[in-house]
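Fold and contact review
Residues per chain, in single letters:
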Amino acid sequence: MDREQLVSSILTAGPQPGELVYVERRGDSYSWHRPGEQSEDAEQAGPQDLADAWLYYSWQRALGDPDAARAMIDDLLAEMEAMTGSGADRCRWPLDQPWPLSH
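Let me sum up the structure you'll find in this document. (Residues numbered from 1 in each chain as written. Predicted model: local features only at pLDDT ≥ 70, side-chain atom pairs only at ≥ 80, totals over all residues. Heavy atoms only, no water.)

Some thoughts on the nonpolar core
Ranked by size, the top nonpolar core spans 17 residues in total, and within it L6, I10, V23, W59, I73, L77 and M80 carry the most contacts. Of all the elements in the fold, those that place two or more residues in this core are helix 1 (3-13), strand 1 (20-26), strand 2 (29-33), strand 3 (53-58) and helix 3 (66-82). It is helix 3 that provides the largest number of residues to this core, a total of six residues. If near-sequence neighbours (up to four positions away) are discounted, L77 is found in contact with R3, L6, V7, V23 and Y30. (Core = buried A, V, L, I, M, F, W, Y, C linked by side-chain atoms within 4.5 Å. Buried < 20%, exposed > 50% of the residue type's maximum accessible area, 1.4 Å probe, protein only. Helix = DSSP H or I, 4+ residues; strand = E, 2+ residues; numbered from the N terminus. Contact = heavy atoms within 4.5 Å.)

Right, dumping it as structure tokens:
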């Protein structure tokens, strides 16, 4: 599924707070599932067909408002993409830098 289909699928499923989900990208194709379940896309992938980017996420809140939920999922996907080096820099701060944070 493409990125928009992924977001729609997650919004439709409505993970609950505390629920763990797995999201992955293989090229331009995304999939997600709850651990213990397997996505249809994952069934088609072979063992040599490793995900380009993936993450597990412990859902923190009910999705509720569709616009806020979509923004949260977009942020989650941006974080996943940043881990590959192909996404935008998420500007992580060194642990030893004092508060308040500044450039």
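Comments concerning the side chain of E81
If you trace the backbone, E81 turns up in helix 3. Reaching out from E81, the side chain makes a polar contact with the side chain of R25 at a distance of 2.8 Å. (Polar contact = N/O pair within 3.5 Å; in protein donor to acceptor, adjacent residues only side chain to side chain.)

Side note on helix 3
Its 17 residues place the ends of helix 3 24 Å apart at the C-alpha level, agreeing with the 24 Å of an ideal helix rising 1.5 Å per residue. The complete set of buried residues in helix 3 reads A69, M72, I73, L76, L77, M80, E81 and A82. Summarising the contacts, the buried residues of helix 3 are in contact with helix 1, strand 1, strand 2 and strand 3. (Expected span 1.5 Å × (residues − 1).)

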